[in-house]
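A structural walkthrough
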Amino acid sequence: MAQIKLTASFCKSVLPQQKKIEYADTEAGYRGLRLVVSSTGDKRFAFRSNPHFQTIGTYPATTLAQARKIVATWKLALNAGQNPFLEIKANKRAARMPIVSDVPTLAELWEQYSSEYLITKSEKHRVNANRTMRKHFLPVFGNLPFNEVDGHALHAFRIKHTKERLREMEQMKAYLSGMVSWMRQHEVYQTADFMANPPQFGRVERDKRKNSGIRYRKLVREQDIRAYWQALRTVEGPRATMLAYQFLFLTNKRGAEVRRMTLDQIDFERSLWTIPAEMSKNGREVVQPLTPLMIDIIREAVGNRQSGYVFSNTMGDSQIWLTSARLHRRIISAAGTDYISTHDYRRTVTTGLEEMGVPARVLQLTKGHYDKGIEAHYAQAEKRPREEQMSAYLKWENFLEARE
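The sections below set out a description of the structure shown in this document. In this text, all values refer to a predicted model and were calculated from it rather than measured experimentally.

1. Structural notes on the packing of aromatic side chains
- A full pass over the atoms with the stated rule returns 26 aromatic pairs.
- Taking 5.8 Å as the distance between ring centres and 15 degrees as the angle between the ring planes, the aromatic pair formed by F157 and F201 counts as stacked. Of this pair, F157 sits in helix α6 (residues 151–164) while F201 sits in the loop between α7 (166–185) and α8 (208–215), placing them 44 residues apart in sequence.
- Accessibility expressed as a relative area gives 7% for F157, which makes it buried.
- Through successive ring pairs, a cluster of aromatic residues spans W110, Y113, Y117, F146, Y175, W182, Y189 and F194.

2. Focus: the pattern of salt bridges
- One pass over the structure, following the stated rule, counts 18 salt bridges.
- Here D42 and R126 are joined by a salt bridge, their closest N and O atoms 3.8 Å apart. With D42 in the loop between β3 (33–37) and β4 (43–49) and R126 in helix α5 (residues 123–141), the pair connects residues that are 84 residues apart, well separated along the chain.
- Among the residues examined, R126 registers a relative accessible area of 18% and is labelled buried.

3. As for the sheet that holds strand β1 (residues 2–4)
- Across the sheet, which stays open at both edges, the 5 strands sit in the order β1-β2-β3-β4-β5 with mixed pairing between neighbours. Each having just a single partner strand, β1 and β5 (52–59) make up the two edges of the open sheet. The average angle at which neighbouring strand axes cross in this sheet is 30 degrees, direction not considered.
- Its contacts with the sheet put helix α2 (residues 64–79) on β2 (21–25), β3, β4 and β5, and the angle it makes with β5 is roughly 160 degrees.

4. With respect to the nonpolar core
- Counting residues in each nonpolar core, the largest one holds 53 residues, and the members touching the most others are Y228, F247, F249, F311, I331, W396 and L400.
- Residue assignment for this core shows that the elements contributing at least two residues are α9 (222–234), α10 (239–251), β7 (272–275), α12 (292–302), α13 (325–335), α14 (342–355), α15 (360–366) and α17 (383–400).
- Per-element accounting of this core gives the leading share, 9 residues, to α10.
- When sequence neighbours within four positions are dropped, the list of residues in contact with F247 reads V258, M261, W273, L290, M294, I297, I298 and F311.
- In this structure, A129, F137, M183 and Y189 belong to the second largest nonpolar core, which totals 31 residues.

5. Quick notes on α7
- End to end, α7 covers 29 Å across 20 residues, agreeing with the expected 28 Å (1.5 Å per residue, within 8%).
- For α7, the complete set of buried residues consists of L166, M169, E170, M172, Y175, L176, M179, V180, W182 and M183.

6. A few points about the sheet that holds strand β8 (residues 286–289)
- Pairing in this open sheet of 3 strands is antiparallel, and the strands run β6-β7-β8 from one edge to the other. Only two strands of the sheet have a single partner each, and these edge strands are β6 (266–267) and β8.

Conventions we followed
Residues numbered from 1 in each chain as written. Predicted model: local features only at pLDDT ≥ 70, side-chain atom pairs only at ≥ 80, totals over all residues. Heavy atoms only, no water. Phe/Tyr/Trp six-rings, centres within 6.5 Å; stacked < 30°, edge-to-face > 60°. Helix = DSSP H or I, 4+ residues; strand = E, 2+ residues; numbered from the N terminus. Buried < 20%, exposed > 50% of the residue type's maximum accessible area, 1.4 Å probe, protein only. Salt bridge = Lys/Arg side-chain N within 4 Å of Asp/Glu carboxyl O. Pairing = 2+ DSSP bridges. Axes fitted to C-alpha atoms, helices over the stretch in contact; angles between N-to-C directions. Contact = heavy atoms within 4.5 Å. Core = buried A, V, L, I, M, F, W, Y, C linked by side-chain atoms within 4.5 Å. Expected span 1.5 Å × (residues − 1).

Structural measurements only, silent on function.
Right, dumping it as structure tokens:
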């Protein structure tokens, strides 16, 4: 636990650590107030005064001023010999108990699922789940009791949305299944009769002919690849975003890894980027060699900053987004190529390096893949795989004519 006088600017700018940390407010009159920051960056206010611990609300939905006002009220009650938390806990228990004589509606169940379970997930997952379900599913089925959803209506809904928005239909199926699984594990619903036949979408069929071109989208012609790289260097756009695009096109790394890159992960002296295990898709620490051009891009992105995210349009306290379709269209318009997204960069770079004769094991390393076959091949060596990666990157930069 760290003690600090909480301010609005501190609550906004504080960065997550490797583990959850509590910041105790030292402001007189509000002792016991905590700002709890999880390792994923979620923030919430809480009150701790042994033996009591009570969550106040998530930040920024709950402001520091609101949290302090609530803490002041609770402290007055505690000083008067009262326990303000008994009523809060009683209300929570009542909210979790379904009405015995009635079956809860899907909207009611979703609100409970969202507040009790989704709150533990990342902000991005919560936002996507609530937006998709409240925009498409709940307006149609939300007012229906859990066990009175017509199968034919679900089937028609699935067919309609599969044709119009396949990916969202797959997400809605996953979210509904997740809610049902949570209910089966919830003590209140484990013995409920209405759980015998939960609503099910059935199988969501993909139209392979319709989507066959998306998975393999990439640039293959040499002149197109070089033209696209030049467009990344010349098209006007948010400075941090354009630099991140260039870095992605050189490194073959995932967009999420580049967005989350922080200055403390960069070893400028040894030209290495260490991706922590918790940020790596394969669950292990990845050490990425950096070419001089990559280092130059990082230095240009951070400027005079000494901490925070490398690619940030602010002072390093927030991540950029790499999914602007409008900006991508401007880039391909300048390049005169077919449309590709940032995820298509990986297929473009991998295919280009493969045609240059780079071994498959080195291609896997550039993509951040590390399986037992690669591990057995290098037999615990560290220097050789980095040298081979560096050689591959320099070949790619030479092909792009990127080094002036």
